[in-house]
Structure formats: C-alpha cells, structure tokens
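Architecture at a glance
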Amino acid sequence: MRRSPKDTEASSRKITRRGMVVGGLQLGMLGVLGWRMRQMQVEQADEFRLLAEENRINMRLIAPSRGLIFDRNGIPVAENTQNYRIVIVREEAGDVDMVIERLRHLIYLDPEELERSLREMHRRSPFVPVTLTDQRSWEDIATVAVNAPALPGITPDVGLTRHYPLGEDFAHIVGYVGPVSDYDLNRIEDDDPLLQIPKFQIGKTGVENKYERDLRGKAGSKRIEVNAAGRVMRELGRDSGVPGANLQLTVDNALQNFVEARLTLDQSASAVVMDVRSGDLMAVGSAPTFDPNKFVRGISVKDYGELTDNIYRPLANKAVQGAYPPGSTFKMMVTMAALDTGEISAEDTVYCPGFTELGNRRFHCWKRGGHGYVNLEKSLQQSCDVYYYEMAQKVGVDKIAETARRFGFGEKFDIPMSAVTAGVMPDKDWKRERYGKEWLIGDSLNASIGQGYVLASPLHLAVMTARLASGNAIMPRLIKSIDGVETPIVGAEPLGFNENHLRMVRKGMFAVSNTRRGTGFSARIDDEGRRMAGKSGTSQVRNITVAERARGVTSNADLPWERRDHALYVCFAPYDNPQYAVSVVVEHGGGGSSVAAPIARDILLFAMHGKTPPLDAYPSGQRGRIREMLSKLPVRGTTPSPGSDRA
Amino acid sequence: MSYLEYHAKTVPTGLSKILHLNWPLILLLSAVASAGFVMLYSVAGGSLTPWAEPQMKRFGLGMALMLFVAMVPIWFWRNMAGLAYGASVLLLLFVEFFGVTGMGAQRWIDLGFMRLQPSELTKITLVMILAAYYDWLDIRKTSHPLWVAVPLILILAPTFLVLRQPDLGTALLLIIGGGAIMFLAGVSWWYFAAVAGLGVGLVSAVFTSRGTDWQLLKDYQYRRIDTFLDPSTDPLGAGYHITQSKIALGSGGWTGRGFMQGTQSRLNFLPEKHTDFIFTTLAEEFGFLGAFSLLSLYALIIVFCFASAFSNKDRFGSLLTLGVGVTFFLFFAVNMSMVMGLAPVVGVPLPLVSYGGSAMLVLLVAFGLTQSAHVHRPRGR
C-alpha cells in the first residue's frame, strides 16, 4: 500500500530493531552450536574416538591347530585332516531353493543335515557363510567346483578336523574329540575363549581329554573391521596363536593293532602290555572297540544306540576301567606276603585234601580230589587253593593287603585315560568302614585266592607282573614325550622286597608255563631265549550253590554268558631277562589257562618279535591251529605311515 | 511505497542488474553447496554417483533459477505471493490425498524429472504471503487482535496439513519461521510473551502429569522424550542413531579423521548419512575446524541477509529477506542441534548440503527472491 515517507521510516526502524533482536537470538544459538562442537570435538574427542574404535573393531579368534598324537615310533594316531565342506552365502545365492535343488542333482545331501543347515542360514545374517554339509569327498568338492557358475553363493571350502587314521585301535587310549557342548561348558572351569567358538573340537575322552590343555594350544586372534551390520570389511592385524603340543605315546601301533585284533576273537576282553623296566604301556587293548572318527563327525543316534546297547560295552576301556576279582593271579601277592613275614619258607608244605574246613564251612580247592602235599612252587604251578587258605590264616589279611598295595593293588594310577579304576584292596579297616562289619577269617580265605572283595583291573595285574618281574616299583607310563620333551620314568628303583623271595615267585610262575603239570603249560613258548612265566586265574562272578553242585552244574558252558567265570592270565618274558609283562582278562570267558593264557602268549610273542611271531616259537603240536588262527586275525597288513619313508 | 514510487533511474535495469546482485551471498551459497558436494562424494565411498553428481546438476539448475528470480522485479513477486501461497496449500491438500509416501513420512508429487515436496515449497510461500500481508497492512494495525489472527491462520493452515503427513520438523519450522516474521513486522511483545508462557506451562504440565491419573501423554511418548534427553537409556533402539551420530562427531577431534576416512560413516554406523546426518560425516572427517568453518559460512549467509534487509526501505523486500534468512537459519540450526544431541531427531536436512532436490531448489529460489529484493530496493534520490 501507499505509505507516507514517515510511515516508511517508522516501518524500517521497527524492522531493524526487531531484526536486531532476532539476530541476537540467532547469534546466541550459533554460540551454543559452536560451544557444543567444541565440547564434543575438542574436550570429549578422546572419549568418542574410543567409542568409535570399539564400534568398528572386533576381535575374532583363530583356532590353533590341535597338537598331534603319535605312537612310540612316530606313527600318527591322531592328526588334523582337511575337512572339505560346502558353504552357502544366502545373499549371494539369491534364490536359495533353486540353488540347493541344483546342488542336490550333483551330490547327495542328507535331508536331516540339510534342514539343520537351512535353519541356521535363516537365523544368521545373509552375508554369513553357513556350512551346508561337511566331511565331503574330494570328488564332491570337484563336482561342485566345476559347476560353480550354475551354483551362485555356493563355495567349496576346507577346514581342519580331527582324524584318527588308526581308527578303532586307539579309540580307548586316545579317545576322541567332539564339538564343545553346553554340558562341557558348565562342567569344566575353563575361561579359554576358544571354547566359545561354535563347533570347536575339544577332547571328550582318553588322552584327548586328559591332555586337552596341552593339545589345544593358544588361541590366535585377528582384529577385523566390521560395519554396522557386522559384515567384515577388512583385517587389521593378526596373531596366529600357538599350536597345541604334540604328544608321543608309549604305545606301539603294530602291537596295539595285534592286541586289538587278537582280543576281538573273544566277545569281551582286555589286555595290557607293559615294559617291565620303563613302565611304558606298549599296548592297552579293550575289545570290542569302536570307531572314534564317528564321534568327531557327530555320531548318529542309531550308531550311538548300537554302541550303548551292546552288552559287551564297546565304549568302556576295560583294561583300566574294568574291576575284576583277580582270582588266582592274586596268589603271588599272598606268597610274597607270607615269605616277607619270614614264617614260611619255600619248602614248607601244606596238605591239600581238596578243601579246607573253617568252622562248619567248607572252602573248596578247584581240584576236587586235592593236590596232596604242596610247597610254594607247586602251589603256584598247580594253583592249589588250599595252600593259600592256609597262608591267609597264617599271615592275616592286613599283611597281604599291605604287600599287594606295594605291587599296585588299590592304586588309582595317574595315566591319562578316562575313568581309571583304583580297584579294591580290602583289609580289616576297609571292611569296617565300608560295611560296618568285622573282618572274618572266611573273608581272608576268599581274598587269598583273589575272590571276595578284591578287585583289580588288567592294568593293576600288568603293573603287579612287571614289578614281580623287575623287582622295581615301576609305574605305568602312557605319554612318552610332550612336544619332544621326554616324560620321566617313575619308580625305576627296587620295591624293597627280598630278591630271593621274588626269584622264588618267578620260579613258580615259570613252572606254571613250562612244566607239564603247570596250568599254563599248553600256552607255553617253545623258544629257549624267550621263555615266559605266567599265572592263570579264573574268577567266579557267582557263588556255586549247593544245589548246583549237587546237580553237577559247574561247567561254564551250561551257564548264560554273563554268569560265566572271568578268564585271567598274567605273564612276563623272557624269563631270564624280563622285558614285557602282559595281563589278559576275558570277561566271562571261562578258564584262565585255557582261554586267557593263549592270548597272553600270542601278545608276548608279538611284543618280543615286533611282528607276527614265527610259528616255531609255538609248541610243535599247536602250530597248525595257530597258523590258522593267525591267518584269520583281522590285523592291518602293513603299518600305515602317511608320507613316511621310515625303514 | 509502491513500485510506482520507485525512481526508474535509481533502480538498475536490464543486464546491469547483474552488477547489483548481492555477490558475496552468492559466493557463500556456492561455498556451502560445494562443501555438500565434497561430503556427498565422500559418503558415497569416493564416488560422484549416486549423490554428488545429481546434487551438482540441481545446484546448477537452482543457481539459474535464482538468477532468473533475481532479475524479475520484486513487486512482481509481491503480487504473486497470494497465488504462490494458495498454490502451495492446494498442493499440500493434493498430497494429503494423492501423494506418494517415501521414507515413512515425506510426501511428494512425482513430476517426472523431479519429486516435488509441497511442504518444502510452503516454507517459502508462507514467508512471501506474510511479508506481503504486512506490507499491505497499515503498520498501526499490526498488533490489533483481528489483524493478528489473519497471519496466524495463514501459518497454521499449512502447518496442520504438514503435521498430518506427519512431518514434525517442517511443521515446527513453519510455526517458528512464521512467528519470526510476525515478530519482525512489529506485532506486540505481549503476544509472544503470552505464547511463551503458555508453552512453558504446557511443558511443565506434561511433565508433572506423568504417572498421575491425568497424565497428558501416552507412556510411549514419554519414553521417546526420555530417549531424547538421555540416548544412552536406549542404545540399540531409538537412541542408537543419535548415539552413533555423537560418536562420529566427537571422534572427529580438532582436525578430523581425514577426507573419506570417517569410520562411523564409511561403516554405516550413521543413519541417513547423505541427508539429515551429513553434518556428522563432515564433522567426523574434517573435525572441529571443518565443522566450525561450515557453521561460520552459514552465519555469514545470515549476516548478509540481515544486512541486505536492514538497508532495504521496502517493507515487503525487507521482511521477505529476513524471513528467508530466519528460515534458513532454522534449517541448519535445528539440523546441527539434532545431530549433536541438542534437539530431538525431527528430520530436518542441512540446507544446501544434504542430498535432496526440492529443498535445494526451493532454497535457491528463496535466495533468488532476496536477491530480487536486493537488486530492486529503493535507493535514495
């Protein structure tokens, strides 16, 4: 509108005045903005810089390669092999269903495994690689690689996984690894961040478990830059960690293989071979066994069910876990105890009428007709029970127990295997504590022939035999070296028993194996330089009832498997210069001399020869049968030595 | 003073108008826009596409439009004010019914070559109509309640439509910008004091009512306010963006992390890094020096606008220039406050720097109007 010059001036002045006010407000606001910038970017810059770094930098663990396990000759028994797997990245695949359908035309995909993988894929961000299937053959990988253009988002990949090249042979010694589970995380106190890696393999049983810390190594790490969605942009730095320590076992793979094969001829048996001077466990066998590689992959419910339902317990390492009444193999302990008291000499005799009467109870000798007059050597040779009933009454259980403990009974040996049993070496205090009852003379009689409360594992029996043979307090050793550092031999000093007494017992054992009336005579070695000395044992797992005795049902063959006697045998060789001690237990196998002794002899011979023994080591009459048996034995033809050109 | 009173001799004509343009302002605008190109290049990971190049083209187009608008006499634009305002309100109504929803809130009309946001347009047309209104109104009637009601309706009508979109940021800018022109035009202090008092009372009522029977807002609305006041209470939710934005800004330090070296923006921790949060990237990569320089450029633009307005005896031109200046100021002040955690995240772009067609063109046209006012201002005899 038209304005007078006066109005125009007034308007202009007013606008300028008000404009100054607004400008002032704006200036104030600018001041606030500038102050805020200064506060954040100058005063708090370090704080925000730190937050920005935390935002973008992630640490990722690098799993170190697990330590390898070798046998005493350097043959690998646990190694890391390349695990070929097929990986899918959802965002690169586009149409996932179509791509997987194409893949299924090329290679077999287990539907169950596939479903699990797909579920995981949809849970993860689209750029995260998800394993569709692993443990594939090289052919599968090649097929996928060749068809890569038709399979967007699918890549063959390789990682490391545990592999046990000798499979079943070392299953009980080395054990196996498996993916770490919630159960493991709750059970073990271990804050190693490696355990948080999904599917990280840790030792579950055996050496793999006991030496987990050494084998695992130290986690490496890489610093990576990630964006807001967690996608890896680049690697900023890397520390590759420390690989796990390599272990060398004292076990000889060829002997171990033979032992397992030989034991497999029976339904359920175990054996231990020990070097009597060093305590090295040359073989620890338990049959039946299982394939540890199945556990590494994740065993199927069906396979696992078969293992757990099997009455012969393939998963148990019976050589160290099994606690059996040692039966007559215990008689050497009673002998040693009696000699040690000085109350008897080797020539003192006991008359055996076939039983001993104690009050109104009769304790039978295994030989109904009795052995007549029996001295120490004969008592071992023919395993006369009555002789030991007498000794037990003379010496008392506490002395026997004390002696047996010095030979290793009742001790839980510190060897890296799972559920190693201490067995039971009872005495008066033990029974009072355990049952609240007084020890009875009858208990002593039972204990004197290795029955009743006495329990021992094949490992105990092998240690006892090795200590008898060497006279040294030798301890079993399973780990020869860790990362090249030799583990010390323990107990290579004398046990402290009179050497003459030891010699008398050894002589008795020699008689068992090498004299016509010896219980182990048929399982002898006919090789002058390698003669063995042994002792059989047949331990009852039930009491023969009076009714059964009347009916004449005393033969094992008439009984169901699980009620038959255990067959045991311990021995060492060569007699003149002891080298190896062997113990064999055949569960519910029957008589020790007929069932366990031949096995122990075969194992001893193999150990001494380092290979399948020549037939002329056997008594001539048995060679045909032995040849047939040996030829059927499921042993590995040659020692597998991947990439090895050792002579 | 109507155009009839202008002395043809004193107002430049023809191409000589170019010499009388407010050149420092043009240079400042170009400098700010260039900073925008650099940042858009950076946030695209060192690429002209998809943002920097289109932005440059639009700036070129915007500059041409600005010069064209500047050449046209200011009285023509004053006569167009009513038409422009009416058209923009109609367009707002149009998008209310036929608009396309993008980014959840912004509504625009697809013109084929560009997307027009009527709400952007309204910011300028509102300034124009208010300036024209007070030019027309007898200055003695300025504070008369009846004549105060008219501009209030002019402001609230488009504000209501914009709020419906919903676009709280633009609505606030319209109210504050419109209110500022009313204040500049000389409306009595008392009205503003009353509104301020009412506002304070309302805010305190809202807060004191919390947790009582007569609670004025819903619980979730209170939580939003909490998140604004302390983003760390909800670091992964609504507070995430503002927290990340502050981290980026703060980590810039004195001199910044270097061009294209900002980890927060490059690794996508920043939201909307090419639009509303572009200042954050600038502050991260060029530090306090860069951020303060940009703030200074903006401040200088305001200074030149105000200086031009104060020297202009034409009531329309003067109010228009101040209105554009205040609107421009509100744009960057709200945006910067927002990314620095001083104001809630309301979705206001950084003028001339943020990627966006409508906003850039509308702003340059608005500056064209101030240039026209500057060129065609009445000069002493």
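Located above this text is the structure these notes cover.
Being a predicted model, the structure only gives us computed values, none of them experimental.

The next point concerns the overall build of chain B. The secondary structure content of chain B amounts to 13 helices and three strands. By the compact-globule yardstick of 21 Å for 381 residues, chain B fits well, its C-alpha radius of gyration being 22 Å. Expressed as lengths along the three principal axes of its C-alpha atoms, the size of chain B is roughly 65 × 55 × 40 Å. Split into buried and exposed, the 381 residues of chain B put 55% on the buried side. Counting contacts in chain B only where the partners sit at least 6 residues apart, residues at least 24 apart contribute 72% of the total. A total accessible area of about 16000 Å² is found for chain B, and carbon and sulfur atoms account for 70% of it.

Within chain A one finds 25 helices and 21 strands. Scaling as 2.2 N^0.38, a compact globule of 647 residues should have a C-alpha radius of gyration of about 26 Å, whereas chain A reaches 37 Å, well beyond that. In terms of its C-alpha atoms, chain A occupies a principal-axis envelope of roughly 155 × 55 × 50 Å. Of all 647 residues assigned to chain A, the portion counted as buried reaches 53%. For chain A, the exposed area adds up to about 29000 Å²; of that, 49% sits on carbon and sulfur atoms. Charge centroids of chain A, computed over 84 positive and 80 negative side chains, lie 3 Å from each other.

This next bit is on the interface of chain A and chain B. Counting from both sides, the interface comprises 44 residues of chain A and, opposite them, 60 residues of chain B. Interface of chain A and chain B: buried area, both sides summed, is about 4500 Å²; carbon and sulfur atoms make up 63% of it. Considering only the side of chain A, the residues that lose the most area to chain B are Arg-3, Arg-18 and Gln-41 of chain A, jointly responsible for 16% of the buried surface there. Linking chain A with chain B are two salt bridges. Between Arg-257 of chain B and Glu-53 of chain A there is a salt bridge, and its shortest N-O distance comes to 3.0 Å. Along the contact surface separating chain A from chain B lie ten residue pairs in polar contact (both at pLDDT 80 or more). Those elements that provide at least two residues to the side of chain A that touches chain B are α1 (5-43), α2 (45-56), β8 (220-226) and β9 (232-239) of chain A. Of the residues in the side of chain A that touches chain B, the class split is 20 nonpolar, eleven polar and 13 charged.

All names here are of chain A. Per the counting criterion, the structure on display carries 39 salt bridges over all chains. In this structure, Glu-306 engages Lys-302 in a salt bridge whose closest nitrogen and oxygen atoms are separated by 3.7 Å. Of this pair, Glu-306 and Lys-302 both sit in helix α13 (residues 301-309), separated by four residues, roughly a single helical turn. Taking the relative accessible area as the measure of exposure, Lys-302 reaches 59% and is therefore exposed. Close ionic contact of Arg-432 with Asp-429 constitutes a salt bridge, the shortest N to O distance being 3.0 Å. Placement of both Arg-432 and Asp-429 in helix α19 (residues 428-435) is noted, with a separation of three residues, approximately one turn of the helix. For Arg-432, a relative accessible area of 39% corresponds to the partly exposed category. Accessibility expressed as a relative area gives 48% for Asp-429, which makes it partly exposed. Shared partners join several salt bridges into a network, and the residues in it are Arg-66, Arg-162, Glu-208, Glu-212 and Arg-216.

If a probe the size of a water molecule is rolled over the atoms, the empty space left behind becomes visible. All names here are of chain B. Tallied over the entire structure, the rule returns four cavities of 30 Å³ or more. The space that makes up the largest cavity amounts to roughly 50 Å³. Along the walls of the largest cavity sit Phe-331, Pro-349, Leu-350, Pro-351, Leu-352, Val-353, Ser-354, Gly-356, Ala-359, Met-360 and Leu-363, which together make up its complete lining. With three residues, the single largest contributor to the lining of the largest cavity is helix α13 (residues 357-375).

So, on to the packing of helix α15 (residues 331-341) of chain A against helix α18 (residues 397-406) of chain A. Residues and elements named next belong to chain A. Contact pair α15 / α18: the axes reach a minimum separation of 8 Å and the direction vectors enclose 115°. In terms of axis orientation, α15 runs roughly perpendicular to α18. As for how α15 packs across α18, the hand of that crossing is right-handed. On α18, the residues touching Met-333, Val-334, Met-336, Ala-337, Asp-340 and Thr-341 of α15 are Lys-399, Ile-400, Thr-403, Ala-404 and Arg-406. Of the residues in the contact of α15 with α18, the class split is six nonpolar, two polar and three charged.

What follows deals with the sheet that holds β9 of chain A. The strands that make up a sheet are held in pairs by hydrogen bonds between backbone atoms, and each pair lies either parallel or antiparallel. Residue and element names in this part refer to chain A. Across the sheet, three strands lie side by side as β1-β8-β9; this open sheet has antiparallel pairing. Only two strands of the sheet have a single neighbouring strand rather than two, namely β1 (57-62) and β9. Put simply, the sheet's adjacent strands are angled 30° from each other on average, direction ignored. Both β8 and β9 contribute to a ladder of six bridges, which runs antiparallel. Residue pairing in the sheet places Glu-225 in a bridge with Arg-234 of β9.

Calculation criteria
Residues numbered from 1 in each chain as written. Chains lettered and ligands numbered in written order. Predicted model: local features only at pLDDT ≥ 70, side-chain atom pairs only at ≥ 80, totals over all residues. Heavy atoms only, no water. Helix = DSSP H or I, 4+ residues; strand = E, 2+ residues; numbered from the N terminus. Rg over C-alpha atoms; globule rule 2.2 N^0.38 Å. Buried < 20%, exposed > 50% of the residue type's maximum accessible area, 1.4 Å probe, protein only. Contact = heavy atoms within 4.5 Å. Areas by Shrake-Rupley, 256 points an atom, 1.4 Å probe, with all protein chains shown as cover. Lys, Arg positive; Asp, Glu negative; His and termini not counted. Charge placed at Lys NZ, Arg CZ, Asp CG, Glu CD. Buried area = accessible area lost by both parts, 1.4 Å probe. Salt bridge = Lys/Arg side-chain N within 4 Å of Asp/Glu carboxyl O. Polar contact = N/O pair within 3.5 Å; in protein donor to acceptor, adjacent residues only side chain to side chain. Nonpolar A, V, L, I, M, F, W, Y, C, P; charged D, E, K, R; others polar. 1 Å grid on protein atoms, 1.4 Å probe; cavity = no way out; pocket = protein on both sides within 12 Å on 5 of 7 lines; lining within 4 Å. Points joined across faces, edges and corners; volume = space filled by probe spheres on them. Axes fitted to C-alpha atoms, helices over the stretch in contact; angles between N-to-C directions. Parallel < 35°, antiparallel > 145°, perpendicular 65-115°, else oblique. Left-handed = near helix turned anticlockwise from the far one by under 90°. Pairing = 2+ DSSP bridges.

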